[in-house]
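One letter stands for each residue in the lines below.
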Amino acid sequence: MKTKYWPEKGSGLNYEALREASGILRRGGVVAFPTETVYGLGADGLSPRAVRMIYEAKGRPADNPLILHLAGPEQLEWVAADVSARTRLLVRTFWPGPLTLVLPKTDRVPSEVTAGLDTVAVRMPDHPLALALISETGTPLAAPSANRSGYPSPTTAAHVLHDLDGRVHGVLDGGPCRIGLESTILDLTREVPMILRPGAVTREALEQALGAAVAQDPGLDGYLRREGAGTPRAPGLKYQHYAPEAKVCLLSGTSEELAGYVRERMRDADFLRENAPVGLLLTAETEQALRKTQGDLNLGYVRVLGSRGRLPEIGERLYDELRRCDLEGVRTVFAEAYPARGVGAALMNRLTKASGQAPVELKKS
Ligand code: TXA
Ligand code: MG
């Protein structure tokens, strides 16, 4: 199929593009659109046939349910049964925004969306194009991230086209996504709400809003392969995710420890024979420590993601930089680990899944 591309329009909305895109969606097609987190691949969330096309376009396993995107809290009653005071409080506090709520579903929601579960995941995205598209289409949009299944989520329209050109009906370009990591998923069907996927709405922020404890799925916890960690409760999280073609190796330590480790590796001919070209995804602090003692060492493909003190900036760039490593033909990525607090929890969750193993803990010897 030919994929229609609607370029970004400076400021304001491109109404002609919106009308065309929502027309395609109403006729049962699939269109990628920007949200504040990552690009989504949307289809009419109340049409089983349209929803099946999403799975086909992405190569997504059929047992991995989708998030329904709403234009406003008033649409919640359509799709969620039993909207409690606790749910309303979270909606008031965090919507529109990167918080997905798992709630008991109504009969209107097709089982294709929920992969047969009796719960549904819903959110209201904080992006004018996304909201206008949902309103104009007049139905909640089912939308997973608009990437090829398993690959890092797309944070630009170019990422979407790289993965799905020719497999979807259209791509609405809204520029780079502001947050760059997928929404926090919170399961509200249990007495103590549980985070199934960490994101920009942090556990700390949720606990403060609720004035009560929030649990975190022990099957996530960053280090999925750790023994006894269990199976994650968001069905999709059991699959490989967020992983570039390159092998990702996570390094945990101070900037000086990381610099020392990388320097040693880049001098090791045996290591380089098996692993070069090497990509380095570093904080500004670590890059500085490395440059100080670099000498005439060739460090490979070095990218600075941001400062250790500003983790949201790192989240915004992470997927783009992982994808760039592949475009550059990098075979091994050394990526810096972060403290798993606040947004750091989301970063570490994605990075450990991209890497498939726990970080290498560096200690001064
Ligand atoms: O930020 C986001 O959430 C982006 C944008 C496009 O909104 N969407 C996104 O969708 O990341 P996706 O499909 O890539 O991830 C959705 C996750 C999957 O891990 C899925 O298993 C889980 O949500 N999920 C969906 N419905 C669920 C349910 N009823 N119960 C538990 N987990 C659910
Ligand atoms: Mg996804």
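Residues numbered from 1 in each chain as written. Chains lettered and ligands numbered in written order. Predicted model: local features only at pLDDT ≥ 70, side-chain atom pairs only at ≥ 80, totals over all residues. Heavy atoms only, no water.

Colleague: Explanation requested: the pattern of salt bridges in the structure shown.
Modeller: Applying the stated criterion across every chain, the model contains 18 salt bridges. Among the salt bridges present, the one from R291 reaches E287, with a minimum N-O distance of 3.1 Å. With a gap of four residues between them, R291 and E287 both fall in helix α11 (residues 284-292), about one helical turn apart. One network of salt bridges, in which partners are shared, links R303, R317, D320, E321 and R324. (Salt bridge = Lys/Arg side-chain N within 4 Å of Asp/Glu carboxyl O. Helix = DSSP H or I, 4+ residues; strand = E, 2+ residues; numbered from the N terminus.)

Colleague: Which parts of the structure should I look at to understand the environment of L66?
Modeller: Summarising the element assignment, L66 is placed in the loop between α2 (48-58) and β4 (67-69). Look at L66 and you get buried, because its relative accessible area is 3%. For L66, the residues in contact, after removing those within four places along its chain, are V51, I54, Y55, R60, V113, A121, A142 and P144. (Buried < 20%, exposed > 50% of the residue type's maximum accessible area, 1.4 Å probe, protein only. Contact = heavy atoms within 4.5 Å.)

Colleague: Teacher, can you tell me more about the environment of V248 here?
Modeller: Inspection of the secondary structure assignment puts V248 in strand β12 (residues 247-252). The exposure class assigned to V248 is buried, which follows from its relative accessible area of 2%. Separated by 108 residues in the primary sequence, V248 and G356 place their C-alpha atoms 8.0 Å from one another. Ignoring any residue separated from it by four or fewer positions in sequence, one finds V248 in contact with L322, V333, A335, A354 and S355.

Read these as geometric descriptors, not functional statements.
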